[in-house]
Amino acid sequence: MRPIFATVGPLTAASANAICLSQTPSGAGNLTLNGALVTGGVAILDTARRVLITCAGNETGKTFVLTGTAANGAPLTETLAGPNATTVQSTLDFKTITSIRISAAAAGALTVGTSAVASSRWLRLDNWAFPQVAIQCDVSGTVNYTVQQTLDDPNSDVLPVAPSAVNWINHPDANLVGATTTVQGNYGYAPLFVRVLLNSGTGSVTMTLVQHNNVSL
């Protein structure tokens, strides 16, 4: 039995143009990374978190390809469908952004920045250990968070799923969904991956998972 941990937050204040200041691309190509977080052509976020694209025009039918790195430095890419005069948020958490490509000319001005949402690293549980898992989420400051799990596996040799296509399911215990205080819970079975999603707030959440090893004593 060895506890595993993951922490998310605190986040700096969200900024709609921290990666790209307002611009209206005249054709397909890379956006200009010129926001406050950009140094040497690379946007470096305070922590791995969601990227937000805000569009003044109807960008339906176009795509935005985000390229950068995850919290551990691994390459990360996600394609977002253009919204209609609103915002669209990434499903992956980017630590850096090295390029953002639009598939065609923009209908109106757009900006790219950070949202107030982020998730922790994914915690992989043991298929060969006992299925029961204890959970504790310790809160510091003001937060709203949700514990999520999935059976999808991007590393599968049989049915691999792209990280951006993984289906994350909220924990069945309502006390661990939209929680604001320190909470304990459990799983009666062990999913493949678990994470904690920071929905909002200026504080942080540390999740601890304990799964007993399947060892005869």
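Conventions used here
Residues numbered from 1 in each chain as written. Predicted model: local features only at pLDDT ≥ 70, side-chain atom pairs only at ≥ 80, totals over all residues. Heavy atoms only, no water. Helix = DSSP H or I, 4+ residues; strand = E, 2+ residues; numbered from the N terminus. Rg over C-alpha atoms; globule rule 2.2 N^0.38 Å. Buried < 20%, exposed > 50% of the residue type's maximum accessible area, 1.4 Å probe, protein only. Areas by Shrake-Rupley, 256 points an atom, 1.4 Å probe, with all protein chains shown as cover. Lys, Arg positive; Asp, Glu negative; His and termini not counted. Charge placed at Lys NZ, Arg CZ, Asp CG, Glu CD. Salt bridge = Lys/Arg side-chain N within 4 Å of Asp/Glu carboxyl O. 1 Å grid on protein atoms, 1.4 Å probe; cavity = no way out; pocket = protein on both sides within 12 Å on 5 of 7 lines; lining within 4 Å. Points joined across faces, edges and corners; volume = space filled by probe spheres on them. Phe/Tyr/Trp six-rings, centres within 6.5 Å; stacked < 30°, edge-to-face > 60°. Lys NZ or Arg CZ within 6 Å of the ring centre and 35° of its normal.

K.L.:
Where do I start with the overall build of the protein in this structure?
P.N.:
On a plain count of helices and strands, the protein comes out with zero helices and 19 strands. For the protein, the C-alpha radius of gyration of 19 Å lies close to 17 Å, the compact-globule estimate for 217 residues. Expressed as lengths along the three principal axes of its C-alpha atoms, the size of the protein is roughly 70 × 40 × 30 Å. Split into buried and exposed, the 217 residues of the protein put 45% on the buried side. Working note: accessible area of the protein is about 10,400 Å², and carbon and sulfur atoms make up 54% of it. Here the protein carries 9 positive and 10 negative side-chain charges, and the mean point of each set is 7 Å from the other.

K.L.:
So what exactly am I meant to see when it comes to the pattern of salt bridges here?
P.N.:
Opposite charge on two side chains makes pairing possible when the charged atoms of those side chains draw close. Across all of its chains, the model carries three salt bridges by this definition. A salt bridge links D46 to R49; the nearest nitrogen and oxygen atoms lie 2.9 Å apart. Judged by its relative accessible area of 1%, R49 falls in the buried class. In this structure, the salt-bridge partner of E59 is K62, at a minimum N-O distance of 2.7 Å.

K.L.:
What's the story with the layout of surface pockets in this structure? I'm lost.
P.N.:
A volume near 640 Å³ is recorded for the largest pocket. Taken together, 30 residues form the lining of the largest pocket, with A70, D93, S120, R121 and W122 sitting closest to its centre. Those elements that provide at least two residues to the lining of the largest pocket are strand 1 (4-8), strand 5 (42-49), strand 8 (75-81), strand 12 (118-119) and strand 18 (193-201). If you tally residues by element for the lining of the largest pocket, the top one is strand 1, at three residues.

K.L.:
When you look at the packing of aromatic side chains in this model, what are you seeing that I'm missing?
P.N.:
Two aromatic rings, taken as a pair, are described by how far apart their centres are and by the angle between their planes. Applying the stated rule across the entire model yields three aromatic pairs. Between the aromatic rings of Y187 and Y189, the centroid separation amounts to 6.0 Å while the plane-to-plane angle is 55 degrees, which identifies the pairing as tilted. Classification of Y187 as buried rests on a relative accessible area of 2%. Taking relative accessible area as the criterion, Y189 reaches 40% and is therefore assigned partly exposed. Clustering of aromatic rings is evident, with ring pairs tying together W122, W168 and F193. Lying over the aromatic face of F193, R124 brings its terminal NZ or CZ to 5.5 Å of the ring centre.

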